[in-house]
Amino acid sequence: MWLKQLFSRHRLNNDLSEEIREHLEEKIEELVASGMSRKEAAHAARREFGNVTLIEEDSRAAWRWPSLENFLMDVRYGIRMLRKNPGFTTVAVLTLALGIGSNTAIFSLINAVMLRTLPVRNPEQLVVLKWKARQNPGTRNSYFWGGCPGENTFSSSGASSCSFSYRVYEQFHGNRDVFSGVFGFVPPSGVTEITVNGQTSQARGDFVSGNFFSTLGVEAAIGRVLDPLDDISGAPPVVVLSHGYWQSRFGSDASVAGKTVLLNGIPFTVSGVAAPGFVGLEIGVPRQFWVALAARYRIDDRFPKERETDAKSVWMQMMGRLKSGVTVQQAEAALSTMFASSVTSGPDVLFKPELDPQIELPGASRGLNSLREEFSKPLFVLMTAVGLILLIACANVAGLMLARAAAREKELAVRFALGAGRRRIVRQLLTESLMLAVAGGGLGILFAYWGARSLAEFLASSGEGAWEINVNIDPRMLAFTVGISCLVGVFSGLAPALRGSGVDLIPALKQRGSDSKRSTRGRERRFGLGAALVVAQVAVSILVLAGAGLLVRTLVNLRSANTGFDARNILLFDIDARLSGDKGSKLGNLYRDIQTRLAGVPGVLSASYSSTTLLSGAEMTTTFRITDALAQSGINVAELPVGPDFFQTMRIPALTGRTFLAADYENSGKPQPMVINQSLARRFFGERKPLGRLLSEGDTKTPDYEVVGIVADTKYDSLRKEVAPTAYLPMGPQPGSFEIRAAVNPRAFIPTVRQVLAELDSNLVLLNAKTQIEQIDQGLYQERLLANLSSLFAALALALACIGLYGLLSYEVTRRTHEIGVRMAMGAEQRNVLLLVVGKGIALAVFGITAGIAAALGVTRYLEAMLYGVKPIDPGTFLCVATLLLGVAVAACYIPARRATKVDPMVALRYE
Amino acid sequence: MKNREQRDLFPGALEMMILRTLKRQPLHGYALAQHIKRTSKDLLQIEEGSLYPALQRLLKEELVKAVWSISSTNRRVRIYKLTAKGAKHLEQEVSRFERMLEGITRVLAPGES
């Protein structure tokens, strides 16, 4: 019934007006009939009737759904007012859109990286298995794959990791006491190439246990996924594809199950396609295929079979689903007991009992996340920065609205005189600011989407370890944006609304906005709020600017850090020789052939190859002992197998002894020659001469290596880390990467390299060509991200503060036009007026800068972990930032100041 | 500034009187105002206009019905008629009012110390 009433409102209003009109007419006629003149009768009738407008409104009020109707009215009115002031509206909406948009973009990134759970059944039951002990165990080999939660330490002060030996894996795999399912998973040790219909490309996947999919609860979209029968040695080799990979590479072929594809040249049968949305366990590094563990030797030959059964090689990762009712503590206790007894006894003892090895079970509901580890701090910093930007934006809009509310005093006074209640006015003003916020939020979502996409692209373009992050708008993010918009609307509109509704009627109706006559205590207070807002904006801007300054300097420092070698003009590339079937010693010959040929190319100064390139983020470590002193514990060193001319190509100065000769690559007898760096010499040998000393890798009495030379220290895998003791070995027949030093412009040599490769073998493919400098830069993507984004935010904050200051001063000049006119008429010069305005602006800026610096002193220390080469309290940076802001403040004062000087005293005085 | 509750009447009194009047015969707005004025012998000073919000409220509650028609003076008027629901409401209100009146009267009666 009321719904019908809602829609027949228009007719209702017309009826009512007509009725009242008729009433009055009737009354008038009666009065005229009784002798009054028409005019008197009309007057009397109206007086007896009462306030027609008010009565009409009250009558209509009977029908209302008051709050909704009022709200709609407010909205319509608000739209009208906002349209009348396009300048104000645009600035306000844009400001809010930037603030809300940047917050939403960063939040969506946080959501994608840190908050989303795996798309599996009951992800909160999943845990990843991790061991910890007081010291590193006596492993022969250890492999870390990334994504293990918490510190992956392997030093003498406590160790932990997610890599287990095969024996432990077998022990836990069948455990049904605490788990309803446990599976192991390990990525291939090299690149995997998938050939479909004759076309080959690289893909990323994992070797997993047979119960991988069933434990996770991931179904097949087509065909079937892996089951335990596939995980038996000798079982027919099958592969499961990810849904996205099936769509892109197989064209969503519905009959893909049963087809044959080649993995590294070996035929596999596609058993099925996994359900959409599941791309593996590691956020940001999606997998495209899964193969049973038992089948790995068919395609992964970097991993000798002995290591699989060696109790002292740790390489397998495991995840499990806890049984319902079993707590993490219970499971940890039970597993620790089992683990400890198995690794501290028996023929191959991994841990001495006093090292107290235990099992930890960190939750894995959000998957393995090396991204999260790496990014959590920077994301937090970014979130803080955008939060501050939002504050500035709100303050800006609040300031703008304050100024506007003051300018609208007359309008508000009239509305009060007509009978509006104070609460009503407040509600209407708040609705206006809410609408601004909603418009800002809507535009902000667009900014956010675009911003998030750019961010994701930036992260994806960071090289080999490219992250693929799915940053899309989901309900949580939308809710976040809506929530923020509402908060912003209320927050920035509240002060102006409350002030605007406390208007003194008569003076407001009479005045034109100038205030020299009024006892202006209320006025002064209101202006005080505006100034306070500007001071706050400036202070917050200083914070953002200081942080950005520190982060930018960090990037600059890192980029110019001394690497220990000459990174200029070096071209890096990989080849994949597996397709041409080269293995074993043939591979070694191939590499040497390529190196010799490349060294002979005109323009190439020297060429070499190594197991991994420098500053690629990858590092190999191992443990050595001095052969004569096996009782001493070994030290952990970094090792790098290198080819001929490596030190010459990378321009690493050789200090004593010799580097590798051609002969070193021919023999394979022990002891093999080893070149060490200064750090290793110092750490291992101290004062004694290292040359000629013998080192062993394992426990054996026969020496594996002899030190033949010492080279200068260089960084190995990361710029930030201290130089580690490094041992260089002659590289045996194993896949690696090439380095070429060119005279100029290394990239120009790519076609030549291709040619050289083709001459040797037409099946050789050139991969991942980039310069050394590019590779270093790729490794700095986190720092680049932070520096770029924080600079962007700093610029934004600066612009907003500038606008805020300009707006305030501009309004100030308008407000005090009369006063300025008086001053000038009384003899003040232009200079004094200028000083008046600029002085106020500078004063505000200085207050803000001081407050900001004070805050920054306390806050920047949270950035300490991310900085390099610069302290959190760096006087140079702070000084720069303060000066910059002061300069901007002066610029912001300029236009209002000029306007003030142009005031014509006669016109101003007449404004009374 | 906006205090419209300046009637001497308690809330609901006007509606009650309107319903009572309409029970006797359907009337339009102006006639209603005149009737109440006459019948109360000018003891009640009511703004004529205040009838209209009350009438709208009664319409909303479905205690009266309104119909457009032509009056005796060839004027287009809206005639209000009491509904069954309105009649019942009137009875309840009147009895409540009389009880209240009795109570007040007793308290105000002289002779009690």
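The structure under discussion appears in the preceding block.
We now turn to the structure provided with this report. (Residues numbered from 1 in each chain as written. Chains lettered and ligands numbered in written order. Predicted model: local features only at pLDDT ≥ 70, side-chain atom pairs only at ≥ 80, totals over all residues. Heavy atoms only, no water.)

With that out of the way, let us pick up the nonpolar core. Residue and element names in this part refer to chain A. Formed by 67 residues in total, the largest nonpolar core has its most connected members in I106 and F793. Contributing elements (two or more residues each) for this core: α6 (86-115), α13 (370-407), α15 (422-460), α18 (521-559), α25 (781-815), α26 (817-825), α27 (830-859) and α28 (875-901). If you tally residues by element for this core, the top one is α25, at 14 residues. Among residues more than four places away in sequence, those in contact with F793 are S102, I106, L382, A385, V386, I389 and V544. The next biggest cluster of nonpolar side chains, apart from the first, holds 49 residues, and it includes V178, F179, F207 and W315. (Core = buried A, V, L, I, M, F, W, Y, C linked by side-chain atoms within 4.5 Å. Buried < 20%, exposed > 50% of the residue type's maximum accessible area, 1.4 Å probe, protein only. Helix = DSSP H or I, 4+ residues; strand = E, 2+ residues; numbered from the N terminus. Contact = heavy atoms within 4.5 Å.)

Residue and element names in this part refer to chain A. Taken in spatial order, the three strands of this open sheet run β4-β2-β16, and their pairing is antiparallel. The sheet terminates laterally at β4 (159-161) and β16 (358-360), the two strands that pair on one side only. Adjacent strand axes in the sheet meet at a mean angle of 25 degrees when their direction is disregarded. By the bridge criterion, three bridges tie strand β2 (residues 130-133) to β4 in an arrangement that is antiparallel. Paired with K132 across the two strands is S160, which belongs to β4. Lying over the sheet, helix α12 (residues 328-343) contacts β2 and β16, oriented at roughly 145 degrees with respect to β16. (Pairing = 2+ DSSP bridges. Axes fitted to C-alpha atoms, helices over the stretch in contact; angles between N-to-C directions.)

The next subject is the packing of aromatic side chains. Residue and element names in this part refer to chain A. If you walk through the whole model with that rule in mind, you get 24 aromatic pairs over all chains. Between F212 and W290, the aromatic rings sit 6.3 Å apart at their centres with planes inclined by 35 degrees, giving tilted as the arrangement. Within this pair, whereas F212 is found in helix α8 (residues 212-216), its partner W290 is found in strand β13 (residues 289-292), the two being separated by 78 residues in sequence. A ring pair is formed by F646 and F647, whose centres lie 5.6 Å apart and whose planes are at 80 degrees; its orientation type is edge-to-face. Of the two residues, F646 and F647, both sit in the buried class. (Phe/Tyr/Trp six-rings, centres within 6.5 Å; stacked < 30°, edge-to-face > 60°.)

Before going further, it helps to spend a moment on the interface of chain B and chain A. Chain B puts 26 residues into the contact, and the matching count from chain A is 27 residues. Buried area between chain B and chain A, both sides added, is near 2,600 Å², and the carbon and sulfur share of it is 50%. When residues of chain B are sorted by the area they lose upon contact with chain A, Y30(B), Y52(B) and R75(B) head the list and together hold 27% of the total. Viewed at the interface, chain A and chain B are joined by six salt bridges. Of the charged contacts in the structure, one is a salt bridge between E22(A) and R75(B), with a shortest N-O distance of 3.4 Å. Here chain B is connected to chain A by 14 residue pairs in polar contact (both at pLDDT 80 or more). Where the side of chain B that touches chain A is concerned, the elements lending two or more residues are α2 (29-39), α3 (51-60) and β3 (76-82) of chain B. Its residues placed into classes, the side of chain B that touches chain A shows nine nonpolar, six polar and 11 charged. (Buried area = accessible area lost by both parts, 1.4 Å probe. Salt bridge = Lys/Arg side-chain N within 4 Å of Asp/Glu carboxyl O. Polar contact = N/O pair within 3.5 Å; in protein donor to acceptor, adjacent residues only side chain to side chain. Nonpolar A, V, L, I, M, F, W, Y, C, P; charged D, E, K, R; others polar.)

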